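Working through the structure, step by step
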Amino acid sequence: MAKILIKNVELNGEIVDVLIENKRFKKIAPKILENIDNAQIIDGTDKAILPPFYNTHTHAAMSLLRSYADDKELFDWLQNYIWPLEAKLTPQDVYIGSRLAFLEMIKSGTVFACDMYWHQLETARAAEEMGIRVAVGEMFLQSTPELNEMNRKNNIELEKLRGKSELVEIMLDPHAIYTVPKEILKTVAEKMKKEDFRLTIHASETPLEVENCFTEHHISPIAYLESLGLLTEKTVLAHCVHLFDDDIKVIRDTGAVIAHNPVSNMKLNSGRFRFHDCLEAGCNITLGTDGACSNNNLSMLDEMKFAALSAKSQYSSPTAGKDVDVFKIATVNGAKAFDIDAGEIKEGKLADAMLIDLNNHFMIADYKLISNMVYSADSSVVDSVICNGEVLMLNRKVRDEDEIIREAKKCCASLKNR
Ligand SMILES: [Zn+2]
């Protein structure tokens, strides 16, 4: 079992040594003097240790489609650009695209992704190989007969992976209320409760979705989801841009988790999430990047800055979207939402961490570390990343990164010609 000893690293303003053993933070002390056999020693001088990021809404393999169709309306973008190209993706493409996405995530300090996509077995395989945590789901979406059949078969295979890996969680992924009929949503809700699944769904993302929901069901999307029994503390609601006051109460009372995606919401002009109202109400807010088609990167550092700025702009107040609140939704809140016993650098917690280069120009002056992380840093400040007690990146180098880039470039070139 890997042991890691990080020497002379800054934690909450103090210089400490951090010992990782059996995947957990075993000891954190000013000096760990005893000889630790077979430990990998990491020099933490001029570095800070922080909890890493938990990205609660992504479509990892969409990294292959980055910059393919920008500056479009959501439904035009989906129906006329994204879905036709996605239909050509093979399982091998999804594997390659997922590896590209996970490389980018690791390089920017992320150790977990809640991912919604096709050919999810390949995303799970890529995550396992790269040592990153992932939640992938059985997909429910009304589409062509061929695609429905592919999803049905995929879901059977996915279910076999349940409980097999400590890095991979299998959940349920009904895509959205406008792509999944009511009867299927009801079946999914029953399955979720009976078999204790977690579930994620796009919810209240655009004005059109809300308008259509009122026309068809005479209630808001959140009320509709609740009426179907789909809101529990194991539900992760992506976007939640258009919330009524009652929706916020329902989300808080059911304990459902919000995955806030500020960059995607702004890029697609979906609207602005009521960050301050949800925070005040006591909702469980987490942060996600959405896919690289609507962002166009997967950096949680960028996402934090946009979360803070969009809150300030929305509430016409520089005190909305505070750095500490935003850092919390990007880190520990995400871990908690997925019952991962991590997200804090504390003895006994699972060893997920990132080391930040304090000599990086973005980190100077250094009056407040978290402020620098939210408002100043880009991914070049992330020096090393540890997930589940394993080093995924050391001094900015990730295993196999050259090969991952080479394969992804080849795949993108071939996609263009299909
Ligand atoms: Zn999405």
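Since the structure is predicted, the reported quantities are computational estimates derived from the model, not experimental observations.

We now examine the domain arrangement of the protein. Where the parts come together, the accessible area they lose is often given as the size of the interface. The domains assigned to the protein are domain 1 (3–49 + 351–401) and domain 2 (53–337). A C-alpha centroid distance of 29 Å is found between domain 1 and domain 2. Each partner contributes residues to the interface: domain 1 has 24 residues there, and domain 2 has 28 residues. When domain 1 packs against domain 2, close to 2,200 Å² is buried across both sides, 61% of that on carbon and sulfur atoms.

Counted by the stated rule, this structure contains 33 salt bridges. Residue Arg-133 pairs with Asp-352 through a salt bridge whose shortest N-O separation is 2.9 Å. Highlighted residues: Arg-133 in strand S8 (residues 133–140) and Asp-352 in the loop between helix H13 (332–337) and strand S14 (353–357), separated in sequence by 219 residues. Asp-352 matches Arg-133 in its accessibility class, with the two residues each being buried. Two residues, Lys-349 and Glu-344, come together in a salt bridge whose shortest N-O distance is 3.7 Å.

With that settled, the discussion passes to the packing of aromatic side chains. Using the criterion set out here, one finds seven aromatic pairs in the structure. On the numbers, 5.5 Å between centres and 70° between planes, the contact of Phe-75 with Tyr-178 is edge-to-face. On the criterion of sequence distance, the pair formed by Phe-75 in helix H1 (residues 74–86) and Tyr-178 in the loop between strand S9 (168–174) and helix H5 (182–194) is long-range, its members being 103 residues apart. With relative accessibility at 29%, the residue Tyr-178 sits in the partly exposed group. Taking 6.4 Å as the distance between ring centres and 80° as the angle between the ring planes, the aromatic pair formed by Phe-273 and Phe-275 counts as edge-to-face. Given the relative accessible area of 1%, Phe-275 is considered buried. The structure contains a cluster of three or more aromatic residues connected by ring pairs, namely Tyr-54, Phe-112 and Phe-338. Across from the ring centre of Tyr-95, 3.8 Å away, lies the NZ or CZ of Arg-125, which sits over that ring. The ring of Phe-197 has Arg-162 sitting right over it, with the charged end atom 3.6 Å from the ring centre.

Further remarks concern the coordination of the zinc ion. Those protein atoms acting as donors to the zinc ion are His-57 (NE2), His-59 (NE2), His-202 (NE2) and Asp-290 (OD), and they sit at 2.1 to 2.5 Å. Around the zinc ion sit four donor atoms; with metal-centred angles ranging over 80 to 175°, the donor geometry is irregular. One chain supplies every donor to the zinc ion, and in sequence these donors are spaced H-x1-H-x142-H-x87-D. With a gap of 233 residues between them, His-57 in strand S6 (residues 53–58) and Asp-290 in the loop between strand S13 (284–287) and helix H11 (300–314) connect regions that are remote in the sequence. The burial state of His-57 is the same as that of Asp-290; both residues are buried.

A few words now on the packing of helix H2 (residues 91–107) against helix H15 (residues 401–416). Close contact between H2 and H15 brings their axes to 9 Å; oriented N to C, the two are set at 135°. What the angle tells us is that H2 and H15 run oblique. Seen along the crossing, H2 lies across H15 with a hand that is left-handed. Residues Asp-93, Ile-96, Arg-99, Leu-100, Leu-103 and Lys-107 of H2 lie in contact with H15, whose contacting residues are Glu-401, Glu-403, Ile-404, Ile-405, Glu-407, Ala-408 and Cys-411.

Each neighbour pair has its own omega, and for Asn-295 with Asn-296 the value is 5°, a cis peptide bond. By the secondary structure assignment, Asn-296 is in the loop between S13 and H11. Residue Ala-365 follows Ile-364 across a cis peptide bond; omega there is 5°. Mapped onto the elements of the fold, Ala-365 is located in the loop between S14 and helix H14 (369–376). Its identity is not glycine, yet Ser-316 carries a phi of approximately 50°, on the positive side.

Cut-offs used in this document
Every residue gets a number counted from 1 within its own chain, in the order that chain's sequence is written. Given that the model is predicted, a residue must reach a pLDDT of at least 70 before its local features are reported, and side-chain atom pairs must reach 80 or more before they are shown or counted; all residues, however, enter totals for whole chains, interfaces and linings. The side-chain figures draw on all heavy atoms in the structure; neither hydrogens nor water molecules are used. Domain limits in this description derive from either an automatic procedure or a database domain assignment. In what follows, residue pairs with any heavy atoms lying within 4.5 Å of each other are defined as contacts. Here's the idea: put two parts together, see how much 1.4 Å probe accessible area each one loses, and the total over both is what we call buried area. What counts as a salt bridge is simple: a side-chain nitrogen of Lys or Arg found within 4 Å of a carboxyl oxygen of Asp or Glu. Working definition: helices are DSSP H or I runs of at least four residues, strands are E runs of at least two. Numbering for both runs from the N terminus. Partly exposed describes any residue whose relative accessible area lies between the buried limit of under 20% and the exposed limit of over 50%, with all areas from a 1.4 Å probe on protein chains only and scaled to the type maximum. Put simply, two rings from Phe, Tyr or Trp (the six-membered ring, in Trp's case) pair if the centres are within 6.5 Å, and we call them stacked under 30 degrees between planes, edge-to-face over 60, tilted for the rest. Consider the ring centre and the ring normal. A charge sits over the ring if Lys NZ or Arg CZ is within 6 Å of that centre and within 35 degrees of that normal. Because water is not among the atoms used, a metal site may look incomplete, as its donors are only the N, O and S atoms within 2.8 Å, or 3.2 Å for Na, K and Ca. In these descriptions, tetrahedral denotes four donors with every angle between 85 and 135 degrees, square planar four donors and octahedral six donors with opposite donors over 155 degrees apart and the rest between 65 and 115, and irregular any other case. Orientation is described by axes fitted as lines to C-alpha atoms, over the contacting stretch for helices, and by angles from 0 to 180 degrees between their N-to-C directions. For classification, angles of less than 35 degrees are called roughly parallel, those exceeding 145 degrees roughly antiparallel, those between 65 and 115 degrees roughly perpendicular, and all remaining angles oblique. By definition, any crossing whose near helix is turned counterclockwise from its far helix by less than a right angle is left-handed, and any crossing with a clockwise turn is right-handed.

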